[in-house]
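Okay, here's what each chain looks like letter by letter:
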Amino acid sequence: MPHSEQKVREPLFHIAKRDSIVWWKAWLIRGVVLLAALVFAGLVSFLLTKENPLRIYMTMLEGAFGTQRRIWGLMQNLAMLLCVSVAVTPAFKMRFWNIGAEGQVLIGGLATAACMILLGDKLPNPLLLLVMIAASVAAGAVWGVIPAFFRANWQTNETLFTLMMNYIAIQLVSFFTYKWSVPKGSGQVGVINRATHAGWLPSLGGHDYLINIIIVLLITFAMYVYLKYSKQGYEIAVVGESENTARYIGIPVKKVIIRTMLISGAICGISGLLMVAGTDHTISRDTAAGRGFTAIMVSWLAKFNSFYMILTSFLIVFLQKGATEISTAFSLNESFSDIITGIIIFFIISSEFFIQYSVRFRRKEAAAS
Amino acid sequence: SAEVGVNEVSKETVKVGLICLHDENSTYDLNFLKGLEEAKQSLGLSDDQIIIKKNVPETNECKEAAADLADRGCDIIFADSFGHEPYLLEAAEEFPGVQFCHATGTMAHTEKRGNFHDAFASIYQGRYLAGIAAGMKLNEMIDAGKIKPEEAVMGYVGAYTYAEVISGYTSFYLGAKSVCPTTTMQVQFTGSWYDETAEKEAATKLISAGCVLISQHADSMGAPTACETAGVPNISYNGSTQDACPNTFIVSSRINWTPYYEYAINALLNGGEIGYDWTGDLTTGSVLLTDVNEQAAAPGTADAIRKASEDLKSGAIHVFDTANFTVDGSTLTTYLADVDTDPEYKPDTEAIKDGYFHESEFRSAPYFDLRIDGITTLNEMY
Amino acid sequence: MMWAGFLQRAIMQGIPLLYGSTGEIITEKSGMLNLGIPGIMYVGGIGGVIGAFLYEQNAAVLNPLLAVLIPLLCSMTGSLLMGLIYSFLTVTLRANQNVTGLALTTFGVGFGNFFGGSLAKLTGSDVPSINLTATSAFFRTSLPFSDQLGWFGQIFLSHSFLAYAAIVIALLCSFILTKTRVGLHLRAVGENPATADAAGINVGKYKYLATCIGSMIAGLGGLYYVMDYANGVWSNDGFGDRGWLAIALVIFAVWRPNFGILGSILFGGLYIVHNYIRDLDVSGQELFKMLPYVVTILFLVIISIRSKREAQPPAHLGLPYFREER
Amino acid sequence: MSGQEKNEGVPAIRLHNISKRFGSVIANDSVSLSVRHGEILSVLGENGSGKTTLMNMIAGIYYPDSGQIFVDGKEVMIRSPKDAFRYQIGMIHQHFKLVDVFSATENIVLGLEEEGRYSLKRSAKRIREISEQYGFDLDPDKKIYEMSVSEKQTVEIIKVLYRGADILILDEPTAVLTPQETQKLFAILRRMRDDGKAIIIITHKLHEVLSLSDEVAVLCKGKYAGTVKTAETNESALTEMMVGKKVTLNIERSEPKDPQDRLEVKGITCRSREGVELLRDVSFVARSGEILGIAGIAGSGQRELLEAIAGLQHVDGEILYHNPKTGQIDNLCDKTPLQIRELGVRLSFVPEDRLGMGLVGNMDIVDNIMLRSYKKGKGIFLERSKPKNLAEQIIRDLEVVTPSASTPVRRLSGGNVQKVLVGREIAASPKVLMAAYPVRGLDINASFTIYRLFNQQKENGTAVIFVGEDLDVLLALCDRIMVISSGRIAGTVDARTATKEQIGLLMTKNTTDAYADVSQKGGAADAAQ
Ligand SMILES: Nc1ncnc2c1ncn2[C@@H]1O[C@H](COP(=O)(O)OP(=O)(O)OP(=O)(O)O)[C@@H](O)[C@H]1O
Ligand SMILES: Nc1ncnc2c1ncn2[C@@H]1O[C@H](COP(=O)(O)OP(=O)(O)OP(=O)(O)O)[C@@H](O)[C@H]1O
Ligand SMILES: [Mg+2]
Ligand SMILES: [Mg+2]
């Protein structure tokens, strides 16, 4: 064959989709990537702090597990993040990109706080608790249903709608924290019903957070079953995959969208309840603490599987707790933890690529001519 | 309210904890961090005797942080934010053997818990002195014919509408008025201790509404930089902003927390009691003014401040002298202030005696919340 | 002249939003929903700060050209790197765009605050901020006569070159999108990448370029904020939530950078209007701060109900593309 | 390359031992074939035999795992469509590759890097010239979403011509065209061949293969089965090559047994959102034990009609279902699919759009089978064992080619996808079975499987409504044929006596005024999906 003046080279590598991969290989890949992430994050930490990376990781472990109290604290934080993550999951499964969990949680918390403040001395405690639950569920649900309603009827882009709803919730909470502030004008609500504990979730067996943790575990389990084994869960999957097919088969699409966001929002509302009545006993615009956004990553990283979410939210909470400890121990700027969290998430996100695709490198020069 | 195990702590073993709302990037918290660093050096403590938790929000996290510090063996724990108080109280209940010292709070003198203490400084004195610098600047402008006497309007950017801020801007105004009698003031609240945009926009708006000098009680650089842009003199807070605002910065007041750290830690080490409520002032060195920026200030400002400062210390003058202000046109002879915190804000203590309002005497945190004549608040309706 | 002052402030508030939204529009036109914009704008800001800081520290006398160029280049490099991270993850590794964007925002805001805090520590100043007043002065040079022409000068001439650049860039982007071959290809990639691919357009390249250029434009918003709006004073978290507002503005501008110009002024105005309302108490102020978001939602609802094709998001927005997927 | 001298002996394109796998599926296994300038090559093969994959590798969409491609005798490396354009290869894909919100011109110049300033006006002018030269009728400024299917295809063809492609590949271009449109297309293709272009066309319609091409290459289960000269072959020989065994290709039609009125449509009218009439006063009866064919130009209202019956379209009028069990008559008009099912109406529907409507591409076969029946059973939980058995039964009975029952349907080839869909719809033992273009894109073997299934249903007493495009098939399979034109019934004929010409005449009966309008709106609805 004559030499062509400009020989076209075969590309260096070529990407192809994998058929499927055995589960242990997938986890092996994830493990390796996570390890790489830790090494890389350690390297970055070293460059920025000149501390021994191993010491940094030891400090993180210490910060997360050092004492029984810290373990409880970790579990509490994990439970809260998990709760929000589970809450956003049915919507995601339906391909409804609800990034408004932050607002739904806040508004649930606001409703809870409102009950505690306004009814704290008017209702007996059990009744008050019931009213609080109803109010937080309703508030979260309403916040979820509004964008769902428009999406169901007019295909209004829900990503942007729910994002905006967050800020509306934040400003509403701000508004009410001024109205209720103690002392007046301070913009802070302070501890609600500090003397009477009216509306506080009870502590079980002397552990303040146990009840939160139990409730969240129940919700997680229920969500797993709901999505995997219930008819409604199946409907959610069908609507998520193809609204046309759903309509064709007789699934009331609008109803499913609205119902699912109602559930999603309601659980977010419950998260708000747990944060306000079970943990903080106050409300502020920071009550949700960014969990609404973090939960999206948690849920997605877990591939919308509620049980995997325990793992992924653990990872995130561990990173946050650990990084806080680093900044205390090495007197570092706290934002450092965001950098590390970001880096590790980047790595984990990319691990999915290696699970779903295989990269083939250029074959040896074929025995062409 | 168990007894404190005072005897076990010694200078070598004492452990000090500090809980900060933010970190060194907030002026407010930086003040506490710097104060503790100085106290550490003056007391001769080592680094590992101090544990600092930063970015602790005013939620249950605060109690967790306090408990974690106690777990780690802290004997005395400071917290720097008003909203930390209820959570710190809970921690005090759980750890009777640990001393909890809370800055800016109001509950210690009514809770009367042996290991829970409040502290504040009479920063209103500092603001009064800064106000004198402002008044002199106004006089300079009037004399130079830049403004008419009745145009000596000052603007003030306040964070919140409660006593700490009201006390602060009123004393600032009174300081200015003591040298420039025609001055008036407009106050715009932002609703946040730290919101650069809100503070900047508030200051800019005040300037465009005719204010010729600006001061602020909020923590960001929003107001000072707005002044620098517009070329309007600024009285700052928390520290010198001369670097960023060389042409407009005049002077700044701030609280120095070192004396309180020293007082409380020494009391613990020497087996003494820590008072429920401690108020620092000019004499304890808790209220400071930065150097005057001669480039922007009126001539003689530093001297005038020094003189007034001596008078305040000696009691020759009082900031809230009822002779110097009126409320709704009349001079006050009596005022019941809300000193003991209660949900209804019931006034409970007569604050006017001997012809002046006794600020920060019945408790450390300010309780002067009178709206005096000459000051207009723009975004608060009564 | 209160209203002239208000308008001038509205424009100043609007410029960072305009940069952010122009950058995001370019990005979204290629089908990439980059929710990392808020983080990128932080990095753009801190990049400029780092550049200016190093230059101010090391130069005896500031050369006006360098004092502007160095921060500008550093800012653009920073946001370019952020754009590269995002496009590498989403285009090359086909990661979910929403998740990547959110993580990028976490990372970027953390990065900005971390370096902001560290530099502030280095300066050892009384208040924790980095003062680049000298550099800022070069950035803020406004047009001649702006202070002699009354309200006209105040509203239209009192701005700095970065403000006018924002408008020029927005107009240029509009032109490119609608009137050039590159724009046609870019829009095709966002509407239907498989089609674009089959037509011989390098989809990956366009996505990379759009994301990276978009990021650099958005990053300039951060730079404008520190150097112009904040007088060269970096304070942590000072930029606030403007990044999200910029994303909202994209919708409001129905994916047209030239509409974004007026939209940004409107949003800028809504952002600060509560200051200018008489007798508003502090809590009412909080309700007013909702306005930009409420307006965006209303607008979103209106365009979706009218369902005009030209006002819809790019059809393939937020979806991954893999040629061999079917 | 037009300036370059063409070497007569050297094929325009030659594939040598091309292989391509997708995961565990071997789509192409050492395929070699070639086509010369001035020649039309048909590529024939069963569904899933790898035709599209092979062509996609020439067009740069896929990249081969191994093998070589030669253009004009030189080995080339086609890594992307761009490379393909460089070698003047143009492909018209099975699924149109057009940007909906762009105009025809914008779509046509997309990806081109022409000399000089970017000017849509100038390009539109050239498009008009090309249209004139080949006899197309196209408004360059029209948006794709406003176009009918054939208009879209015209855009695709002009796109290739505009680029001056020398080698043209068409993947099932006639699947969505009317016979008239097909004839027009073929005329154009012949003209292009005479211009010296090399053309490869994929089609499942053997008569088209025979009438158009010079040579036929056959793929069988991913392997190359050989090339024959068209002049030297016939339908049954080709089928045998393709399937690998002898198959009988005639449809047995039985007499309807005891036909009873099952579905009675009375005067239904349907309007689009813009208010255009898509169906006007349509009335007919479908009887049990009978296949009612519906013929008509694509977009004449067939889809709306079936969807109205299935409860997916709002219409005015009456749709009466005669329930054989209860003897009751229910009006289905404006009921949702769910309400229809709750009335006890056993209605099955094979929609035109398989993966977009009938099935969920990302779900596996079992979950897709479950779509019809997931509501069955008490309680809130799903019952998965029955659908699983059913899925396995369908795979077995209909010879669905799939790795397993848990393979996502999206991975199956078009024919196999259709088998899953039809299998599911029939498994519901319907009283009324409606099917829109059920064999579109299916190979001949699979098509006959489907016909046989419909005949079985008919014999079981089901009322079958069959919307088809191939008049020969309609005439052979149906009992009666109703012709729809511009949303109106143009007439109903007895399939045993009617002729193609008769039906063809009816099909264009009302087109003078309303046709353009209807097809346009139908196109718009398509695009909106
Ligand atoms: N993405 C994919 N993953 C796995 N297998 C695939 C994929 N796409 C196609 N196949 C398999 O390749 C074979 C051919 O599929 P393809 O759709 O190309 O066939 P086709 O000849 O175009 O058939 P049809 O005429 O039905 O469209 C099928 O068996 C199908 O299952
Ligand atoms: N993108 C893809 N990913 C995975 N598998 C694929 C892909 N494309 C095709 N296949 C598989 O490759 C095989 C060949 O598919 P191809 O589409 O080439 O068939 P075909 O001959 O065109 O069929 P049809 O007549 O149905 O169009 C099928 O098994 C198909 O499922
Ligand atoms: Mg095919
Ligand atoms: Mg096919």
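This is a predicted model, so every value here is computed, not measured. (Residues numbered from 1 in each chain as written. Chains lettered and ligands numbered in written order. Predicted model: local features only at pLDDT ≥ 70, side-chain atom pairs only at ≥ 80, totals over all residues. Heavy atoms only, no water.)

If you tally the helices and strands in chain A, you get 13 helices and 2 strands. For chain A, the spread of C-alpha atoms along the principal axes amounts to about 95 × 60 × 40 Å. In chain A, which comprises 369 residues, the proportion classed as buried is 61%. When contacts within chain A are restricted to residue pairs at least 6 apart in sequence, those whose partners lie at least 24 apart make up 77%. Working note: accessible area of chain A is about 14,700 Å², and carbon and sulfur atoms make up 67% of it. Across chain A, the centroid of the 31 positively charged side chains sits 5 Å from that of the 19 negatively charged ones. (Helix = DSSP H or I, 4+ residues; strand = E, 2+ residues; numbered from the N terminus. Buried < 20%, exposed > 50% of the residue type's maximum accessible area, 1.4 Å probe, protein only. Contact = heavy atoms within 4.5 Å. Areas by Shrake-Rupley, 256 points an atom, 1.4 Å probe, with all protein chains shown as cover. Lys, Arg positive; Asp, Glu negative; His and termini not counted. Charge placed at Lys NZ, Arg CZ, Asp CG, Glu CD.)

This paragraph deals with the pairing of strand 16 (residues 347–350) of chain D. Residues in a regular strand point their side chains to alternate faces of the sheet. Residue and element names in this part refer to chain D. Burial along strand 16 is two-sided: the residues Leu347 and Phe349 and Ser348 and Val350 are all buried. Note that strand 16 and strand 17 (residues 432–436) share 4 bridges and pair parallel. From the neighbouring strand, Val350 faces strand 17, where its bridge partner is Ala435. (Pairing = 2+ DSSP bridges.)

Taken residue by residue, the interface counts 39 residues in chain D and 24 residues in chain C. If you sort the residues of chain D by the area they bury against chain C, D:Leu110, D:Tyr118 and D:Arg410 come out on top, with a joint share of 23%. Counting across the interface, chain D meets chain C through 1 salt bridge. Across the pair C:Arg187 and D:Glu106 runs a salt bridge, and its minimum N-O distance is 3.6 Å. The interface formed by chain D and chain C contains 4 residue pairs in polar contact (both at pLDDT 80 or more). Elements with a contribution of two residues or more to the side of chain D that touches chain C: strand 1 (13–22), helix 2 (81–86), helix 3 (104–109) and helix 18 (511–528) of chain D. (Buried area = accessible area lost by both parts, 1.4 Å probe. Salt bridge = Lys/Arg side-chain N within 4 Å of Asp/Glu carboxyl O. Polar contact = N/O pair within 3.5 Å; in protein donor to acceptor, adjacent residues only side chain to side chain.)

Let us now look at the site of ligand 2. Around ligand 2 lies a shell of 20 residues, among which C:Glu324, D:Gly50, D:Lys51, D:Thr52 and D:Thr53 are the nearest. With respect to ligand 2, the chains having nearby residues are chains C and D. The separation between an oxygen atom of ligand 2 and a polar main-chain atom of D:Ser49 is 3.2 Å. A distance of 2.9 Å separates a nitrogen atom of ligand 2 from a polar atom in the side chain of D:Tyr62. In isolation ligand 2 has 620 Å² of accessible area, and contact with the protein removes 92% of it. Contributing elements (two or more residues each) for the shell around ligand 2: strand 2 (25–35) and helix 1 (51–58) of chain D. With 3 residues, the top contributor of residues to the shell around ligand 2 is helix 1 of chain D. (Near = heavy atom within 4 Å.)

Residue and element names in this part refer to chain A. With 13 residues, helix 2 (residues 53–65) should cover 18 Å at 1.5 Å per step; its first-to-last C-alpha distance of 18 Å lies within 8% of that length. If you check which residues of helix 2 are buried, you get Ile56, Thr59, Met60, Gly63 and Ala64. Looking straight down helix 2, one finds its buried side chains confined to an arc of 130°; they lie on one side. Of the exposed residues in helix 2, those oriented more than 90 degrees away from the buried face are Leu54 and Met58. (Expected span 1.5 Å × (residues − 1). Arc of directions from axis to C-beta.)

What follows concerns the sheet that holds strand 1 (residues 16–19) of chain B. Residue and element names in this part refer to chain B. Taken together, 6 strands build an open sheet; the order of strands is 2-1-3-4-5-11 and the sheet is parallel. One side of each edge strand has no neighbouring strand; the edge strands of this open sheet are strand 2 (50–53) and strand 11 (277–280). For this sheet the average axis-to-axis angle between neighbouring strands, irrespective of direction, equals 20°. In terms of strand pairing, strand 3 (residues 76–79) meets strand 4 (residues 99–103) through 4 bridges, oriented parallel. When the bridges of strand 4 are listed, Ala79 appears paired with His102. (Axes fitted to C-alpha atoms, helices over the stretch in contact; angles between N-to-C directions.)

Attention now goes to a nonpolar patch on the surface. Residue and element names in this part refer to chain A. A cluster of nonpolar side chains, namely Val22, Trp23, Trp24, Trp27, Leu28, Val32, Phe221, Phe307, Tyr308 and Leu311, defines an oily patch on the protein surface of about 1,100 Å² accessible area. Ranked by residues supplied to the nonpolar patch, first place goes to helix 1 (residues 23–49) with 5 residues. Overall, Phe307 belongs to the partly exposed group, its relative accessible area being 33%. (Patch = residues over 30% accessible without salt bridge, like charges linked within 9 Å, V, L, I, M, F, W, Y side chains within 5 Å.)

Turning our eyes to something else, we now look at the pattern of salt bridges. Evaluated as defined, the whole model comprises 64 salt bridges over all chains. The partner of A:Asp208 in a salt bridge is B:Lys63, and the shortest N-O contact between them spans 3.7 Å. Remark: B:Lys63 occurs in helix 2 (residues 60–71) and A:Asp208 occurs in the loop between helix 6 (158–179) and helix 7 (210–229); the pair is interchain, linking two chains. What makes B:Lys63 buried here is its relative accessible area of 12%. Salt-bridge contacts for D:Asp29 lead to D:Lys223; the nearest nitrogen and oxygen are separated by 3.4 Å. Residue D:Asp29 is located in strand 2, and its partner D:Lys223 is located in strand 10 (residues 223–229); the two are separated by 194 residues in the primary sequence. Salt bridges sharing common partners tie together A:Glu62, A:Arg70, A:Glu325, B:Lys53, B:Asp68 and B:Arg72.

Residues and elements named next belong to chain A. When pLDDT is averaged along chain A, the result is 88; 94% of the residues meet or exceed 70. Note that pLDDT drops below 50 for residues 1–7; the model gives that stretch 4 contacts with residues more than four away or on any other chain. Low pLDDT, under 50, characterises residues 364–369; the predicted model gives this stretch 3 contacts beyond four residues in sequence or across chains. (pLDDT = per-residue confidence, 0-100.)

What follows concerns the interface of chain A and chain C. Contact with chain A, which involves 46 residues of that partner, is made by 51 residues of chain C. For the pair chain A and chain C, the summed buried area comes to about 4,400 Å², and 78% of that belongs to carbon and sulfur atoms. The largest per-residue losses of area from chain A upon contact with chain C belong to A:Met164, A:Tyr167 and A:Phe346, which jointly make up 16% of the total buried on that side. For the pair chain A and chain C, the number of links is 1 salt bridge. Residue C:Glu286 pairs with A:Arg285 through a salt bridge whose shortest N-O separation is 3.6 Å. Linking chain A with chain C are 4 residue pairs in polar contact (both at pLDDT 80 or more), by the criterion used here. At the level of elements, strand 1 (13–17), helix 5 (125–154), helix 6, helix 11 (291–301) and helix 13 (336–356) of chain A are the ones that each hand at least two residues to the side of chain A that touches chain C. Per-element tally for the side of chain A that touches chain C: the top contributor is helix 6 of chain A, with 14 residues.

Moving on: the packing of aromatic side chains. Counting across every chain of the model gives 63 aromatic pairs over all chains. Ring plane angle 70° and centroid distance 6.0 Å describe the contact between B:Phe320 and B:Phe357, whose orientation is recorded as edge-to-face. Of this pair, B:Phe320 sits in the loop between helix 10 (301–314) and strand 13 (336–337) while B:Phe357 sits in strand 16 (residues 356–357), and the two are 37 residues apart along the sequence. Taken together, a centroid distance of 6.0 Å and an interplanar angle of 35° make the contact between C:Phe107 and C:Phe111 tilted. Of the two residues, C:Phe107 and C:Phe111 both sit in helix 4 (residues 97–123), 4 residues apart, roughly one turn of that helix. An aromatic cluster of three or more residues is present, and its members are B:Tyr28, B:Phe32, B:Phe78, B:Phe120, B:Trp257, B:Tyr260, B:Tyr261, B:Tyr263 and B:Trp278. Sitting over the ring of B:Tyr237, B:Arg127 keeps its end group 3.9 Å from the ring centre. (Phe/Tyr/Trp six-rings, centres within 6.5 Å; stacked < 30°, edge-to-face > 60°. Lys NZ or Arg CZ within 6 Å of the ring centre and 35° of its normal.)

To continue, consider the arrangement of the chains. Contacts are most numerous between chains A and C, taken over all 5 pairs of chains that touch. In this assembly chain B lies apart from chain D, the nearest approach of their C-alpha atoms being 40 Å.

Our focus in this paragraph is the sheet that holds strand 20 (residues 488–494) of chain D. All names here are of chain D. Read across the sheet, 6 strands follow the order 16-17-18-13-19-20 without closing on themselves; strand pairing throughout is mixed. In the strand order of this sheet, the two ends are held by strand 16 and strand 20, each with one partner. Within this sheet the neighbouring strands show an average axis-to-axis angle of 15°, counted without direction. Packed onto the sheet, helix 15 (residues 444–459) meets strand 13 (290–295), strand 17 and strand 18 (463–467) and runs at close to 150° relative to strand 18. On the sheet, helix 17 (residues 500–507) packs against strand 13, strand 19 (480–485) and strand 20 and is oriented at approximately 30° with respect to strand 19.

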